[in-house]
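Close look at the chain arrangement
Residues per chain, in single letters:
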Amino acid sequence: MINLSGKNAIVTGSSRGIGKAIAIKLASLGANVAVVYAGNREKADETVAEIEQLGVKAKAYSCDVSSMNDAKNLVTEVIADFGGVDILVNNAGIVKDGLILSMKEEHFDSVINVNLKGTFNMIKSTYQHFMKKRSGRIVNISSIIGINGNAGQANYASAKAGIIGLTKSAAKELAARKVTVNAVAPGFIETDMTAAMPEKAKEAALAAIPMKRVGAGEDIANAVAFLVSDEASYITGEVLKVDGGMAI
Ligand code: NAD
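Each value, and the rule that gives it
Residues numbered from 1 in each chain as written. Predicted model: local features only at pLDDT ≥ 70, side-chain atom pairs only at ≥ 80, totals over all residues. Heavy atoms only, no water. Salt bridge = Lys/Arg side-chain N within 4 Å of Asp/Glu carboxyl O. Helix = DSSP H or I, 4+ residues; strand = E, 2+ residues; numbered from the N terminus. Buried < 20%, exposed > 50% of the residue type's maximum accessible area, 1.4 Å probe, protein only. Core = buried A, V, L, I, M, F, W, Y, C linked by side-chain atoms within 4.5 Å. Contact = heavy atoms within 4.5 Å.

**Describing the pattern of salt bridges**
- In total, this model carries 7 salt bridges according to the counting rule given.
- A salt bridge links Arg16 to Asp192; the shortest N-O distance between them is 3.6 Å. One end of the pair, Arg16, is in the loop between strand 1 (8–12) and helix 1 (17–28); the other, Asp192, is in helix 7 (residues 192–195), with 176 residues separating them in the sequence.
- The class for Asp192 is partly exposed, based on a relative accessible area of 46%.
- Between Glu50 and Lys20 there is a salt bridge, with the nearest N and O atoms lying 2.9 Å from each other. Here Glu50 is found in helix 2 (residues 41–52), whereas its partner Lys20 is found in helix 1, with 30 residues between them in sequence.
- Overall, the relative accessible area of 34% leaves Glu50 in the partly exposed class.

**Things to note about the nonpolar core**
- Counting residues in hydrophobic clusters, the biggest one holds 34 residues, and the most contacted among them are Ile22, Leu26, Val184, Ile220 and Val224.
- Within the residue set of this core, elements represented by two or more residues are strand 1, helix 1, strand 2 (32–37), helix 2, strand 3 (58–62), strand 4 (87–90), strand 5 (136–141) and helix 9 (217–227).
- With near-sequence residues (within four places) excluded, Leu26 lies in contact with Leu4, Ala9, Val11, Ala31, Ile87, Val89, Ala225 and Val228.
- Val36, Val65, Leu74 and Phe82 belong to the second-largest nonpolar core, a separate cluster that totals 25 residues.

This is the structure:
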């Protein structure tokens with residue numbers, strides 16, 4: 001049985017969707033959670049209230065992960081409030097889809113800045129803390145799109161593939177300090193992000209899933225919970241697909 005009692009976790013983008021499911025799962029296993037949100041304070045407060053009902057500590061923090069300054073300030077604040085960080089889950093992400101021919105340069109840049117650079121900013125901001133602790137868990141949320149690519153998502157696929165390279169590099173740098181760094185690559189998960197997809201694209205995605213069901217945030221949260229547990233202490237640099245077989 002996974003036990004995260006006494007551990008402090010930062011989960012970015014946890015006001016809703018997959019991030020919220022991860023935050024609640026980690027809290028249900030005993031972790032205190034720093035709920036990081038970009039804009040929606042109300043939703044973040046709802047997540048905090050749900051977590052507090054589980055008997056652990058939670059607090060909402062506003063942070064744009066694409067800003068190194070924001071990321072550094074966030075980590076300083078969380079360490080002051082919680083006394084340290086044991087788990088970092090880099091889940092914040094955005095999409096701005098379009099074929100390369102019509103993709104605006106700023107849409108390429110913003111998707112890279114939030115998804116990939118945001119993950120780098122958070123790892124860099126917690127790096128020394130984890131090094132000194134000689135323990136820690138980092139899980140980065142990639143995507144099967146980062147493994148297989150997708151027409152209309154060149155920016156997102158590049159960012160998510162970049163996260164895999166970043167994960168493996170950080171894993172090699174931090175392994176000697178007993179800090180593990182892994183990635184989870186979700187397939188098609190029901191959230192606000194996928195609700196915005198055209199109906200035809202949703203049907204095509206579902207048809208491509210051998211298990212014939214769309215994933216839930218909890219499916220991703222269960223994988224993250226394992227990777228941040230003591231039981232996963234010898235697993236690092238791994239990319240775990242959670243996709244109902246979609247990328248087989
Ligand atoms: P979502 O849009 O519901 O949630 C994204 C979260 O990220 C929100 O809480 C948002 O506030 C936060 N966020 C966005 N920009 C931010 C910024 N600059 N700084 C801080 N936070 C920011 O999406 P979701 O479906 O829950 O996706 C969560 C993660 O899972 C993303 O990284 C996404 O790419 C990845 N993913 C999702 C799917 C899927 O099918 N839903 C599949 C593969 C990967």
